[in-house]
Amino acid sequence: MTLSNQPLLIKNVTIYTEDEAISNGNILINNGVIQSIDRMNEESETIPEDARIIDGSEMTAIPGFIDGHIHGAYGADAMDSTEEALDTMASFLPKEGTTSFLATTMTNSTENIEKALANAENYKQKDGYAEMIGVHLEGPFVEKSKAGAQPQEHILEPDLEKFKKWQEMSGNTIRTITMAPEHDTDGSFMQELASQGVNVSAGHTDANFEGIKRAIPFGLHQLTHLCNQMNGIHHRDIGAVGAAFQLENLQAELIADGVHVAPEMLQLIYRNVGSDRLILITDAMRAKGLPDGDYELGGQPVIVSNGKAVLENGTLAGSILKMRDAAKRMLEINDADIRDIIKMTAVNPAKQVDVYDRKGSISKGKDADILLIDDDLNIQYSLCRGTIAYKGE
């Protein structure tokens with residue numbers, strides 16, 4: 001990985017650290033990491049003579065967004081299995097505040113999944129691009145009746161040996177897997193993955209409340225795109241959605257685009273799950289950032305129009321959501337503030353895939369993945385590992 005060697009000082013900025021909000025503070029960045037955080041009236045570390053300076057007056061520094069579930073953007077898709085595709089995604093994502101992401105695969109032929117995983121293993125990070133911190137394997141071990149846009153002909157039963165092969169092919173970069181826990185009847189598949197540090201997420205699942213609850217001791221810790229392709233709340237069985245409300249062991253992904261989940265449901269979810277357990281994602285496909293028109297997802301035709309991406313039969317096929325817009329929408333929720341946004345976009349996803357030691361917060365020694373925003377959450381600067389990756393107009 002290439003890092004910027006020029007020191008960078010962000011001065012006179014409001015800083016949201018892990019523990020407090022500092023007014024009129026300084027952040028000194030060196031070799032891609034945060035070297036120091038100081039208040040203006042405190043004695044600061046010596047500023048290197050060659051340091052580049054950003055005046056952060058009237059701006060706020062928050063951690064860069066982490067998108068743990070994104071298939072593609074700007075004409076590229078992780079399943080294209082090329083370095084160019086991942087470069088395209090990684091180069092454009094800082095514009096929306098995303099400084100790291102999990103390249104997300106989908107249910108497809110074994111051959112195509114293996115190509116995508118091998119590509120991820122060989123991918124070289126670029127200076128000034130969002131960092132691909134791993135892979136989210138969505139499928140193929142899901143439930144056919146909840147397939148959504150996952151091609152049913154390629155859905156498989158959980159196969160530990162196949163997963164081990166895939167993890168090796170990926171260079172041990174699979175950090176999250178979306179699966180249907182009801183197909184792992186004895187829990188052995190989930191237990192083994194959890195023991196390897198893989199974040200096991202229930203999605204495209206027909207499990208009821210008890211099925212989700214039963215899977216937690218086996219290593220289930222997350223729900224994939226809450227409300228979508230899972231059982232909702234019913235007065236006789238509160239389903240997977242009710243499990244997110246009731247079971248404090250579960251984190252839950254959320255697509256806050258107003259399409260996958262109605263605004264009223266976003267409010268209900270926030271009130272019952274809260275910012276400590278929600279993870280904002282985009283689940284975006286290759287049409288994100290491009291005009292309305294005809295695209296494809298997993299070899300299936302997708303029609304994008306008026307903010308929606310759908311298959312020919314009307315099934316939602318991912319999103320064209322930008323993370324900054326998801327964050328803005330959640331900031332409109334009653335009782336949500338910027339600290340809650342930081343949890344849902346940075347802290348929670350970093351902890352969930354075990355990268356909080358270097359990402360997810362503004363803290364000395366961590367990667368300098370930092371956003372400078374205005375009061376309306378418009379992005380003025382995106383820094384990826386200390387390099388200015390995006391500067392607002």
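Think of each chain on its own: its residues are numbered from 1, step by step along the sequence as written. Residues qualify for local features only when their pLDDT is at least 70, as the model is predicted, and side-chain atom pairs are given and counted only at 80 or more; totals for whole chains, interfaces and linings, by contrast, use all residues. Water and hydrogen atoms were dropped before computing side-chain values, which therefore reflect all heavy atoms in the structure.

A. Representation of the overall build of the protein in the model. When you go through the protein residue by residue, the secondary structure sums to 9 helices and 21 strands. Using C-alpha atoms as the atom set, the radius of gyration is obtained and then compared with a globule rule of 2.2 Å times the number of residues to the power 0.38. Whereas a compact globule of 393 residues would reach a radius of gyration of roughly 21 Å, the protein reaches 20 Å, a difference of no more than 12%. If you line up the protein on its principal axes, its C-alpha atoms span 60 × 45 × 45 Å. Relative accessibility decides the category of a residue: with a 1.4 Å probe and only protein chains considered, values under 20% of the type maximum give buried, values over 50% give exposed, and everything between is partly exposed. Relative to its full complement of 393 residues, the protein shows a buried share of 58%. We call two residues in contact when some of their heavy atoms are within 4.5 Å. The long-range share in the protein, meaning contacts at least 24 apart out of those at least 6 apart in sequence, stands at 69%. For the accessible areas, the method is Shrake-Rupley and the probe is 1.4 Å, while residue cover comes only from the protein chains on display. Of the roughly 15500 Å² of accessible surface on the protein, 42% is carried by carbon and sulfur atoms. Counted charges follow a simple rule, with Lys and Arg positive, Asp and Glu negative, and His plus the chain ends left uncounted. For this purpose, a charge sits on NZ of Lys, CZ of Arg, CG of Asp or CD of Glu. For the protein, the distance from the average position of its 34 positive side-chain charges to the average position of its 60 negative side-chain charges is 0 Å. Here a helix means four or more residues in a row that DSSP labels H or I, a strand means two or more in a row labelled E, and each is numbered from the N terminus.

B. Seen up close, empty space enclosed by the protein. Grid points spaced at 1 Å and placed over the protein atoms alone form the basis of the search, with a cavity being a set where a 1.4 Å probe fits but cannot get out and a pocket an open set showing protein on both sides within 12 Å along at least five of seven lines. Lining residues have an atom within 4 Å of a point. Grid points are joined across faces, edges and corners, and a volume is the space filled by probe spheres set on the points. What the rule picks out here adds up to 3 cavities of 30 Å³ or more. Empty space within the largest cavity amounts to approximately 80 Å³. Lining the largest cavity are 13 residues; nearest its centre among them are Gly68, Leu102, Thr176, Gln222 and Val353. Listing elements by their share of the lining of the largest cavity, those giving two or more residues are strand 6 (65-70), strand 15 (278-281) and helix 9 (338-352). For the lining of the largest cavity, the class distribution of residues is 7 nonpolar, 5 polar and 1 charged. Only Asp, Glu, Lys and Arg are considered charged, only Ala, Val, Leu, Ile, Met, Phe, Trp, Tyr, Cys and Pro nonpolar, and every remaining residue, Gly among them, polar.

C. Layout of the packing of helix 8 (residues 323-331) against helix 9. Note on geometry: axes are lines fitted to C-alpha atoms, helical ones only across the stretch in contact, with angles between N-to-C directions running from 0 to 180 degrees. Look at helix 8 against helix 9: their axes get within 10 Å of each other, and the N-to-C directions meet at 140°. As far as their axial angle goes, helix 9 and helix 8 are oblique. Considering the relative orientation of helix 8 and helix 9, their crossing is right-handed. Two secondary-structure elements touch here, helix 8 through Met323, Ala327, Met330 and Leu331 and helix 9 through Ile338, Ile341, Met344 and Thr345. Within the contact of helix 8 with helix 9, the residues separate by chemical class into 7 nonpolar, 1 polar and no charged. Roughly parallel here means an angle under 35 degrees, roughly antiparallel means over 145, roughly perpendicular means 65 to 115, and every remaining angle is called oblique. Two helices cross in a left-handed way if the nearer one is turned anticlockwise from the farther one by less than a right angle. They cross in a right-handed way if the turn is clockwise.

D. Expanded view of the pairing of strand 17 (residues 300-305). Here strand 17 shows a buried face lined by Gln300, Val302 and Val304 and an unburied face lined by Pro301, Ile303 and Ser305. Any two strands with at least two DSSP-identified bridges between them are counted as paired. In the sheet, strand 16 (residues 293-297) pairs with strand 17 via 5 bridges, with the strands oriented antiparallel. The residue bridging Glu296 from the neighbouring strand is Pro301, located in strand 17. Hairpin remark: strand 16 followed by strand 17, antiparallel, with 2 residues in the connecting loop; positive phi at Gly298, about 60°.

E. A look at the pattern of salt bridges. Just to be clear on terms, a salt bridge is a Lys or Arg side-chain nitrogen sitting within 4 Å of an Asp or Glu carboxyl oxygen. This model, assessed by the stated rule, comprises 17 salt bridges. Salt-bridge contacts for Asp325 lead to Arg324; the nearest nitrogen and oxygen are separated by 3.5 Å. Overlapping salt bridges bring together Glu131, Arg358, Lys359, Asp367 and Asp369 as one network.

Any link to function would need more than the numbers given here.
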